[in-house]
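Take a look at the letters that make up each chain.
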Amino acid sequence: MKKTILITGGAGFIGSHVVRRFVTRYPDYLIVNADNLTYAGNLANLSDLENAENYRFEKIDIVNKDDVNGLFNRFDFFGVIHLAAESHVDRSITSPDEFIHTNINGTVNLLNACRNGWQSYESKLFYQISTDEVYGSLGENGLFTEDTPYDPKSPYSASKASADHLVRAYHNTYSLPVVISNCSNNYGPNQFPEKLIPLAINNIKNNKPVPVYGKGENIRDWLYVGDHASAIDRVFHKGKPGCTYNIGGNNEWKNIDLLKLLCGIMDDRLNREKGESEKLLTFVKDRAGHDLRYAIDNSRISKQLEWTPAHNFHDGLEKTVEWYLSNQQWMNEVISGDYGKYYEQQYLRR
Ligand code: NAD
Ligand code: TYD
């Protein structure tokens, strides 16, 4: 019998890259993707894997205990890679409740299912995918290490921090084997166009203003999503239970500089005159409580687990632009909300 891994949130941006990596690289694993297909979940991201022998999709709401317990009754998981979450800071500012339900209660439901469902903890692992935003905001200098105290500032980061604390509490109290990784901002194909890079690509393409929050001076450390998936693979297989790993790209960019770089790539790709796309950059009111700077010290994962990112930023960004421009139907369906029909056709009308 194949060893079975549960990946939650596998229809989302990062989750779909993790599912793809595990399904294609590990034919001896059965990968169960559990996702309740919120606005951010899109099964079209995985349509080519639909019939893979070692892949199953399960429509599961992690907030619903019966859903989660039922799933654990049907499958004997040896590992859980937990990505399902509400993930957008701006949404968490306008409506925090969903973030509490999904990111905190949903995580606890999964932890309880592992605790109650696993007869022995031998060779088992609960892997919590988290964010560097739990550490709060850096000033102009310094990096987040695994010892930086948690100091979340937004409802999103506070909900992720709470979940991480609960994961550690289950390790400390019940000896549940857990590992956590905290990653910086991801970019790449399949990202929902509410986040900076796909939003900017789409607006530039359609000659619409690109909103730059505040003065555009906030700094993020960007990592190509495929590199995050390779780091997750490494941590899942080689990480030490009870340990935390920071994952980042050593790739800090001020938002405004990143957007200018992106505008240059778009000018070339769309045969526009140099500087034309940049005219679309529009300064708007700042995000409430906007964290100034995130930057990761990834020396633990690079030394202990020998992981390094494979993509440099310019190449990764060009690859990303190319993907969005060649997948206009994906973008149209995401914007119109029509991608929900895919699940209906593939799974409900069979
Ligand atoms: P996403 O918003 O693109 O996808 C989230 C997925 O979770 C969606 O498929 C959605 O349908 C699913 N989901 C949401 N609520 C659910 C529920 N109640 N039950 C089951 N499934 C549910 O998010 P993402 O950007 O791919 O992020 C994935 C994970 O990685 C999150 O935990 C996030 O905190 C973390 N993370 C993201 C980044 C980033 O830059 N995007 C960086 C570091 C860490
Ligand atoms: P985002 O992609 O939302 O990720 P996060 O808030 O998790 O870092 O935003 C990245 C940065 O870009 C952040 O500093 C906010 C800024 N931003 C804009 O300036 N304009 C936008 O339209 C968006 C969505 C973000």
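Residues numbered from 1 in each chain as written. Chains lettered and ligands numbered in written order. Predicted model: local features only at pLDDT ≥ 70, side-chain atom pairs only at ≥ 80, totals over all residues. Heavy atoms only, no water.

**Looking at the overall build of the protein**
Item 1. The secondary structure content of the protein amounts to 12 helices and 12 strands.
Item 2. For the protein, whose C-alpha radius of gyration is 20 Å, the value lies close to the compact-globule estimate of 20 Å for 350 residues.
Item 3. Referenced to the eigenvectors of the C-alpha coordinate spread, the extents of the protein come out at roughly 65 × 50 × 40 Å.
Item 4. The proportion of buried residues among the 350 residues of the protein is 55%.
Item 5. Within the protein, contacts between residues separated by at least 24 positions form 81% of all contacts whose residues are at least 6 apart in sequence.
Item 6. With the model as given, the accessible surface of the protein reaches about 15,500 Å², and the carbon-plus-sulfur share is 46%.
Item 7. Mean positive and mean negative side-chain charge positions of the protein (38 and 44 charges, respectively) differ by 2 Å. (Helix = DSSP H or I, 4+ residues; strand = E, 2+ residues; numbered from the N terminus. Rg over C-alpha atoms; globule rule 2.2 N^0.38 Å. Buried < 20%, exposed > 50% of the residue type's maximum accessible area, 1.4 Å probe, protein only. Contact = heavy atoms within 4.5 Å. Areas by Shrake-Rupley, 256 points an atom, 1.4 Å probe, with all protein chains shown as cover. Lys, Arg positive; Asp, Glu negative; His and termini not counted. Charge placed at Lys NZ, Arg CZ, Asp CG, Glu CD.)

**Observations concerning the environment of T244**
Item 1. Mapped onto the elements, T244 comes out in strand 10 (residues 244–247).
Item 2. Classification of T244 as buried rests on a relative accessible area of 8%.
Item 3. Put simply, T244 and E122 are 122 residues apart on the chain and 20 Å apart in space, counted from C-alpha to C-alpha.
Item 4. The contact partners of T244, leaving out residues within four places of it in the chain, are Y135, E146, R168, I180, N182 and R300.
Item 5. Among the polar contacts listed, one links the side chain of T244 to the side chain of R168, at a separation of 2.8 Å. (Polar contact = N/O pair within 3.5 Å; in protein donor to acceptor, adjacent residues only side chain to side chain.)

**Examining empty space enclosed by the protein**
Where empty space is left becomes clear once a probe the size of a water molecule has been rolled over the atoms.
Item 1. Within this structure, the stated rule accounts for three cavities of 30 Å³ or more.
Item 2. Roughly 50 Å³ of volume is contained in the largest cavity.
Item 3. V89, I93, E133, K153, S154, R220, R287, A288, G289, H290, D291 and Y294 are the residues that line the largest cavity.
Item 4. Per-class residue counts for the lining of the largest cavity are four nonpolar, three polar and five charged.
Item 5. Reported here for the second largest cavity is a volume of approximately 40 Å³.
Item 6. Along its surface, the second largest cavity is lined by F13, Y39, A40, N42, N45, N190, F192, W330, V334 and Y339.
Item 7. In terms of residue class, the lining of the second largest cavity is built from seven nonpolar, three polar and no charged. (1 Å grid on protein atoms, 1.4 Å probe; cavity = no way out; pocket = protein on both sides within 12 Å on 5 of 7 lines; lining within 4 Å. Points joined across faces, edges and corners; volume = space filled by probe spheres on them. Nonpolar A, V, L, I, M, F, W, Y, C, P; charged D, E, K, R; others polar.)

**Considerations on the site of ligand 1**
Item 1. In the region of ligand 1, 30 residues are neighbours, and I14, D35, S87, Y156 and K160 sit closest.
Item 2. A distance of 2.9 Å separates an oxygen atom of ligand 1 from a polar backbone atom of N186.
Item 3. Expressed as a share of its isolated accessible area of 840 Å², the protein-covered part of ligand 1 is 97%.
Item 4. Per-element accounting of the shell around ligand 1 gives the leading share, three residues, to strand 5 (residues 125–131).
Item 5. When the residues that make up the shell around ligand 1 are grouped by side-chain class, the tally is 14 nonpolar, 12 polar and four charged. (Near = heavy atom within 4 Å.)

**Regarding the sheet that holds strand 9 (residues 219–224)**
Item 1. Taken in spatial order, the three strands of this open sheet run 7-9-11, and their pairing is mixed. Two strands in the sheet have a free side with no partner beyond their single neighbour: strand 7 (185–187) and strand 11 (252–254). Taken over all neighbouring pairs, the strand axes of this sheet differ in orientation by 50 degrees on average, direction set aside. (Pairing = 2+ DSSP bridges. Axes fitted to C-alpha atoms, helices over the stretch in contact; angles between N-to-C directions.)

**Here's the deal with the packing of aromatic side chains**
Item 1. Evaluation of the coordinates by the stated rule reveals 19 aromatic pairs.
Item 2. On the basis of an interplanar angle of 90 degrees and a centroid distance of 5.5 Å, the ring pair of Y135 and Y150 is categorised as edge-to-face. Here Y135, found in the loop between strand 5 and helix 5 (155–174), pairs with Y150, found in the loop between strand 5 and helix 5; they are 15 residues apart in sequence, far enough to count as distant.
Item 3. You can call Y135 buried: its relative accessible area is 3%.
Item 4. The rings of F22, Y26, Y29, F78 and F236 are connected pair by pair, giving a single aromatic cluster.
Item 5. Just above the ring of F78 sits the side chain of K3; from NZ or CZ to the centre is 4.3 Å.
Item 6. The positively charged end of R115 is found above the aromatic ring belonging to Y174, 3.7 Å away from the centroid. (Phe/Tyr/Trp six-rings, centres within 6.5 Å; stacked < 30°, edge-to-face > 60°. Lys NZ or Arg CZ within 6 Å of the ring centre and 35° of its normal.)

Coordinates in, geometry out; function isn't part of it.
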